[in-house]
Amino acid sequence: MARLPRFQSLTVALADRSGKAVAIDVLDNNDGSFTVKYTAPRPGAYQLNVVFAGAQVPPIEINVEPQVDTSGIRVTGLENAIVTVNCEQEVHVFTPDGDNTRIVITSPSGSIVEAIIESTDTGFRVCFTPSEIGDYSISVTYRDLPVGAPYLLHSVPDGNKAEAEYVVSRCGPPRADLVTVTGPGLGPVIAQRSTHVFIDTTSAGFGDIDLFVDGPTRTPIHCVDNHDGTLTMYYVPKTPGVYYLRVMFDSNHISGSPFQVLAVPALLAPSLTADREKTESSFTTLSSGSSTPKTAPCV
């Protein structure tokens, strides 16, 4: 029980269901109000009693829930954040308590997506087919509390992926966080004009580097191995729109990947045209049939 010095006629007490008192700390807010702090020793029902000027204020019932531990819940199958529309996707949710775990998938238009959710020995297997272009949100909750931020999948049209793969021969373990990407190809870019990015892996160790360009249409890309731990990747966004440049090193996204790139019509970006002329000229000499030793055709 706490009796407040400024208000001798005010007392506050907290007790559990059996009537056992719980230690409290009452803080005077100096504005006629008080803050009561306490640490419940166990889950269950508690009662806060307040007496003012000899009169009992109606008791305040407090229900303390068990501490929720979400550390044992994880989601796999989202390593590739960009998926193809109308292709079935599979996600696995690992949880020790399936009865209190909920999974909700929301489409880009805001509607709830119908999914097949099957129980497994370790949690759930979730299958669904994205039918819209855009961002899908996958929310996982445990006892009505969110498990991390909503997971996102970006759905793109069928047949719009371009990719390339290289093996970077450098010493040391792979470090995706040490790969850097620079250049005009990070946007904004001009539709139907070649652009490029420069990828530096000189400090990243040994590993495979995978390059992807996802967008409204299939995007031709072409890569040049500079034989010094760097690559130059050229690509041509066919139509205006938003593109996603993914750079993976040893199967891990580098910092900033996927990069969102805006492609605009040439008529709306005259100031960019001159900057792209040199890039376009370089690209035309590096066709997939070129015999230049530094050139490797991309898928």
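In the nomenclature of an unreviewed UniProt entry, the chain is known as Filamin/ABP280 repeat protein of Ancylostoma duodenale. Turning to the chain, the UniProt record has this under Sequence similarities (unreviewed entry): "Belongs to the filamin family."

For the rest of this paragraph, the subject is the nonpolar core. Nonpolar side chains in soluble globular proteins tend to end up buried together. Of all hydrophobic cores here, the largest spans 23 residues; its most connected members are Ile199, Met233, Val247 and Ile254. If you list the elements that add at least two residues to this core, you get strand 19 (195-200), strand 20 (207-214), strand 21 (221-225), strand 22 (230-235), strand 23 (241-249) and strand 25 (259-264). With four residues, strand 23 is the largest single contributor of residues to this core. Those residues in contact with valine 247 that lie beyond four places of it in its chain are Val181, Ile209, Asp210, Leu211, Asn252, His253, Ile254, Ser257 and Phe259. Among the nonpolar cores identified, the runner-up in size contains 18 residues, and Ile73, Ile105, Val113 and Val147 belong to it.

Take the sheet that holds strand 7 (residues 74-76) next. Taken in spatial order, the four strands line up as 7-9-12-11 in an open sheet, and their pairing is antiparallel. Among the strands making up the open sheet, the edge pair consists of strand 7 and strand 11 (116-120). Going across the sheet, the axis of each strand differs from the next one's by a mean of 20 degrees, ignoring polarity. Bridge count for strand 7 against strand 9 (residues 89-94) is three bridges, and the pairing is antiparallel. Across the sheet, the residue bridging to arginine 74 is phenylalanine 94, located in strand 9.

Under the defined criterion, the tally for this structure stands at one aromatic pair. A ring pair is formed by phenylalanine 128 and tyrosine 136, whose centres lie 6.0 Å apart and whose planes are at 45 degrees; its orientation type is tilted. You'll find phenylalanine 128 and tyrosine 136 in the same group, each marked buried. Taking the ring centre of phenylalanine 94 as reference, the NZ or CZ of arginine 74 above it sits at 4.1 Å.

Conventions adopted
Here the residue index of a chain counts from 1 through its sequence in written order. The predicted nature of this model means local features are confined to residues of pLDDT at least 70 and side-chain atom pairs, given and counted, to a pLDDT of 80 or more, with totals for whole chains, interfaces and linings taken over all residues. Side-chain numbers come from the whole structure's heavy atoms, not from hydrogens or water. UniProt positions are given in the numbering used here, feature names are shortened, and annotations may be inferred rather than shown by experiment. For our purposes a nonpolar core is just a set of buried Ala, Val, Leu, Ile, Met, Phe, Trp, Tyr and Cys residues, chained together by side-chain atoms within 4.5 Å. Only protein chains enter the calculation, and the probe is 1.4 Å; a residue is then buried if its accessible area is under 20% of its type maximum, exposed if over 50%, and partly exposed in between. Only runs of H or I of at least four residues qualify as helices and only runs of E of at least two qualify as strands under DSSP, and these elements are numbered from the N terminus. Any two residues whose heavy atoms approach within 4.5 Å at even a single point are treated as in contact. Here, strands pair whenever DSSP counts at least two bridges between them. Between N-to-C directions, angles span 0 to 180 degrees; the directions come from axes that are lines fitted to C-alpha atoms, helices contributing only their stretch in contact. By convention, a stacked pair of Phe, Tyr or Trp rings (six-membered ring in the case of Trp) has centres within 6.5 Å and planes under 30 degrees apart, an edge-to-face pair has planes over 60 apart, and any other such pair is tilted. Remark: a charge is flagged as sitting over a ring if the NZ atom of Lys or the CZ atom of Arg is within 6 Å of the ring centre and within 35 degrees of the ring normal.

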